[in-house]
Amino acid sequence: MTPTPHLTDIAARVERPAPFQPVDRSLLPDAGTATVDIVVPVYNEERALPGCLRTLHARLSEGFPFPWRITVADNASTDETLATARRLADELPGVGVVHLDRKGRGLALRTVWGASDADIVAYMDVDLSTGLDGLLPLVAPLASGHSDLAIGSRLAPGARTVRGPRREFVSRCYNGIIRLTHGVRFTDAQCGFKAARTEVLRPLLKVTRDDTWFFDTELLLLAEHNGLRVHEVPVDWVEDIDTRVDVVSTATDDLRGLWRMARLKASGGARVEVRPRPGPAAEHPDAVLAPVARRGVLSWEVGCFTAIGLVSTVGQALLYWLLRGWWSPAVANLVSLFVLTVLNTEANRRLTFRHSTALPARAHLGAGGLFVLGYLVTSAAVLWFKWLDPGASPAAETVVLAIASVAVTCVRFAVLRLAVFADPRGRTR
């Protein structure tokens, strides 16, 4: 695997090192002290850059409650973008310029973020498609220490977007694939509006490899995989059709990146050393808490698995009863068991073993093996019953099937907990 390029490995020149702009505390008595470095990566953006920087600079100067600076990351532009950035840096206090000799948004962000001395680093696209009203909600939970990364989301409840059906469709499909294949909780990986606490970001940057558009997804997958808290901000977003993104090639590269990240997680290479968050604790000094044994993980898993199992058993019995009117016992059992196994596995992955780091693919493959076992056991039970009583009604067969399913469910819980969803690092949940 190619080592991650760092600032010393890339021809990057800090052309205009900008100081952080102070906050007027007479106007903002609740201003914070965390410094914020907002990076604007650009490639051939001489037209859009002036309007972006002047608008952003004015909004920050008017009332942003943290010391801030703007860094233009020019990654190998071939037009007058760099000259335009230098001119604007002379005009606007707090604007700096970094020039890289290689193209790639991911490369620019990894290089500038990795070298930044700010407490919080952020970035936004030069077209300002994302409304700037979301900037303070993006940064505030990081400054307070409540969250580690923050992202703007065009798909979260409350978000409002204006964009064409093609990009809407591609975006929803891509984010759906991420959730299906990696089991993540964030809703929008590719919105160009993100921020992170520098101290937790640096270990992640050492593992990232992508130099282009997949960098955002890669960073978020690593963050969730390592137990970091990702805060989502629903944003207003208006599409700018003057874009440098090739949707088809970017989608192809993203799918390759998802496969690479799945292999990296499976190999253990996605684990990094980050300071673990303390567990939740009661704020009230006189809070009455249940004993630890009653709040244990096993109790939750048994209770949740039992509830899901009961619903699945009833669902399979009903589906079997419906299908039995058309198909033989073996076929009706196969179809009903397959459908309910998929639903049952997904419910257990999201609820019962929600803290497990097992990938969805591993969960469903493991469940697939248990599916074969369950099918053999339940089919044998029904066929044996039919052999004993050839005239038995479908309702009687259904009862036998349900009893066999309960036995299979007990075995499934033990295998899922001890093998499929077990922590690969050997730690107890």
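Along every chain, residues carry numbers that run from 1 in the direction the sequence is written. Local features in this predicted model are restricted to residues whose pLDDT is 70 or higher, and side-chain atom pairs enter the listing and the counts only when it is 80 or higher, whereas totals over whole chains, interfaces and linings include all residues. Side-chain calculation: all heavy atoms of the structure are included, whereas hydrogens and water are not.

Brief notes about the UniProt feature "domain: GtrA/DPMS transmembrane" (unreviewed entry) in the protein chain
Here is step 1: The feature "domain: GtrA/DPMS transmembrane" (unreviewed entry), as annotated in UniProt, sits at residues 305-421 in this numbering.
Here is step 2: End-to-end, the C-alpha atoms of residues 305-421 are 13 Å apart, and along that stretch the chain is 85% helix and 0% strand. UniProt positions are given in the numbering used here, feature names are shortened, and annotations may be inferred rather than shown by experiment. Where helices and strands are cited, they refer to DSSP runs of H or I of at least four residues and of E of at least two residues respectively, numbered from the N terminus.

Looking at a nonpolar patch on the surface
Here is step 1: Surface patches are defined over residues having more than 30% relative accessible area and no salt bridge, joining like charges when they lie within 9 Å and nonpolar side chains (Val, Leu, Ile, Met, Phe, Trp, Tyr) when within 5 Å. The method behind every accessible area is Shrake-Rupley, applied with a 1.4 Å probe, and residues are considered shielded solely by the protein chains displayed. The term salt bridge refers to a side-chain nitrogen of Lys or Arg lying within 4 Å of a carboxyl oxygen of Asp or Glu. A surface patch of nonpolar side chains, about 610 Å² in accessible area, is lined by W321, L322, W326, W327 and V331.
Here is step 2: With respect to the helices, strands and loops of the structure, L322 is situated in helix α9 (residues 297-323).

Notes on the UniProt feature "transmembrane region" (unreviewed entry) in the protein chain
Here is step 1: UniProt records the feature "transmembrane region" (unreviewed entry) at residues 326-344, 365-387 and 399-420, using the numbering of this structure.
Here is step 2: End C-alpha to end C-alpha, residues 326-344 measures 25 Å, and it is 84% helix and 0% strand.

Notes on the domain arrangement of the protein chain
Here is step 1: In terms of domains, the protein chain is made up of domain 1 (36-267) and domain 2 (294-420).
Here is step 2: Throughout the structure description, domain borders are defined by an automatic or database domain assignment. For domain 1 and domain 2, the distance between their C-alpha centroids amounts to 43 Å.
Here is step 3: A 1.4 Å probe defines the accessible area here, and the buried area is the portion of it lost by two parts on being joined, summed over both. Between domain 1 and domain 2, roughly 520 Å² of surface is buried when both sides are summed, and carbon and sulfur atoms account for 54% of that area.
Here is step 4: Its largest share of buried area at the contact with domain 2, domain 1 owes to L180, R185 and H225, together 43% of the area lost on that side.
Here is step 5: Our enumeration of links across domain 1 and domain 2 arrives at 0 salt bridges.
Here is step 6: Counted as a polar contact is a pair of N or O atoms within 3.5 Å, where, for protein atoms, one must be capable of donating a hydrogen and the other of accepting one, and residues adjacent in sequence contribute only when both atoms are in side chains. Between the two partners, domain 1 and domain 2, sit 0 residue pairs in polar contact (both at pLDDT 80 or more).
Here is step 7: Counting only elements with at least two residues in the side of domain 1 that touches domain 2, the list comes to α5 (165-182) and α8 (247-267).
Here is step 8: Of the residues forming the side of domain 1 that touches domain 2, the biggest block, 4 residues, is contributed by α5.
Here is step 9: Here the residues of the side of domain 1 that touches domain 2 are counted per class, giving 2 nonpolar, 3 polar and 3 charged. Nonpolar residues are Ala, Val, Leu, Ile, Met, Phe, Trp, Tyr, Cys and Pro. Charged residues are Asp, Glu, Lys and Arg, and all others, Gly as well, are polar.

Side note on empty space enclosed by the protein
Gaps between atoms show up when a probe of the same size as a water molecule is rolled over them.
Here is step 1: Cavity and pocket criteria rest on a 1 Å grid covering protein atoms alone: a 1.4 Å probe that fits but cannot get out defines a cavity, protein on both sides within 12 Å along at least 5 of 7 lines defines an open pocket, and an atom within 4 Å of a point defines a lining residue. Grid points are joined across faces, edges and corners, and a volume is the space filled by probe spheres set on the points. In the structure shown here, the tally under the stated rule is 3 cavities of 30 Å³ or more.
Here is step 2: Size it by volume and the largest cavity reaches roughly 190 Å³.
Here is step 3: Elements with a contribution of two residues or more to the lining of the largest cavity: α9, α10 (329-352), α11 (360-388) and α12 (394-420).
Here is step 4: A total of 5 residues in the lining of the largest cavity trace back to one element, the largest contributor, which is α11.
Here is step 5: The residue inventory of the lining of the largest cavity, partitioned by class, reads 6 nonpolar, 10 polar and 1 charged.
Here is step 6: Lining the second largest cavity are M124, D125, D127, L128, S129, T130, G192, F193 and W237.
Here is step 7: Along the lines of polarity and charge, the residues of the lining of the second largest cavity split into 4 nonpolar, 3 polar and 2 charged.

As for the packing of aromatic side chains
Here is step 1: Between rings of Phe, Tyr and Trp, where Trp is taken as its six-membered ring, a pair exists when centres lie within 6.5 Å; planes separated by under 30 degrees are stacked, by over 60 edge-to-face, and by other angles tilted. In the structure shown here, the tally under the stated rule is 3 aromatic pairs.
Here is step 2: Ring plane angle 55° and centroid distance 6.3 Å describe the contact between W113 and F215, whose orientation is recorded as tilted. Residue W113 is found in helix α3 (residues 105-115), and its partner F215 is found in helix α7 (residues 215-225); the two are separated by 102 residues along the sequence. Across the pair, F215 and W113 agree in class, each one buried.
Here is step 3: Aromatic ring contacts, followed pair by pair, group W113, Y123 and F215 into a single cluster.
Here is step 4: A positively charged side chain is recorded as over a ring if its NZ (Lys) or CZ (Arg) lies within 6 Å of the ring centre. The angle to the ring normal must also be within 35 degrees. Between R154 and the ring centre of W237, over which it is positioned, the NZ or CZ distance is 4.9 Å.
Here is step 5: Across from the ring centre of W237, 5.5 Å away, lies the NZ or CZ of R163, which sits over that ring. Any residue under 20% of the maximum accessible area for its type is buried, any over 50% is exposed, and the rest in between are partly exposed; the area is computed with a 1.4 Å probe on protein chains only.

Considerations on the packing of α10 against α11
Here is step 1: Taken N-terminus to C-terminus, the directions of α10 and α11 make an angle of 145°; their axes are 9 Å apart at the nearest point. Considering how the two elements wind past one another, α10 and α11 form a crossing that is right-handed. On α11, the residues touching P329, A330, N333, L334, L337, F338, T341, V342, T345, E346 and R349 of α10 are P360, A363, H364, A367, F371, G374, Y375, T378, S379 and V382.
Here is step 2: Of the residues contributing to the contact of α10 with α11, the split by class is 12 nonpolar, 7 polar and 2 charged. Interaxial angle, 0 to 180 degrees, is taken between N-to-C directions of lines fitted to C-alpha atoms, where a helix line uses only the stretch in contact. Handedness of a crossing follows from how the near helix is turned relative to the far one, being left-handed for an anticlockwise turn of less than a right angle and right-handed for a clockwise one. Should any heavy atoms of two residues lie within 4.5 Å, those residues are counted as being in contact.

Concerning the packing of α9 against α12
Packed helix pairs are specified by the crossing angle of their axes together with the interaxial distance, meaning the distance between the axes.
Here is step 1: Relative orientation of the contacting elements α9 and α12 amounts to 150°, with a least axis distance of 10 Å. The two elements α9 and α12 meet at a crossing, and its hand is right-handed. Contacts from L298, E301, V302, F305, T313, Q316, A317, Y320 and W321 in α9 reach E397, T398, L401, A402, S405, T409, R412, F413, L416 and R417 in α12.
Here is step 2: Residues belonging to the contact of α9 with α12 are distributed by class as follows: 10 nonpolar, 5 polar and 4 charged.

Looking at unusual backbone geometry
Here is step 1: Of note in this structure, A76 is not a glycine but carries a positive phi near 65°.
Here is step 2: Residue A76 is classed as buried on the basis of its relative accessible area, which comes to 17%.
Here is step 3: With a phi angle near 55°, L128 is a residue other than glycine that sits in the positive phi range.
Here is step 4: Examined against the element boundaries, L128 turns out to sit in the loop between β5 (120-124) and α4 (135-143).

Notes on the side chain of R197
Here is step 1: By the secondary structure assignment, R197 is in strand β8 (residues 193-197).
Here is step 2: Judged by its relative accessible area of 14%, R197 is buried.
Here is step 3: Side-chain polar atoms of R197 contact the side chain of D148, separated by 2.5 Å.
Here is step 4: Setting aside anything within four residues of it in sequence, one finds R197 in contact with D119, L142, S147, D148 and R277.

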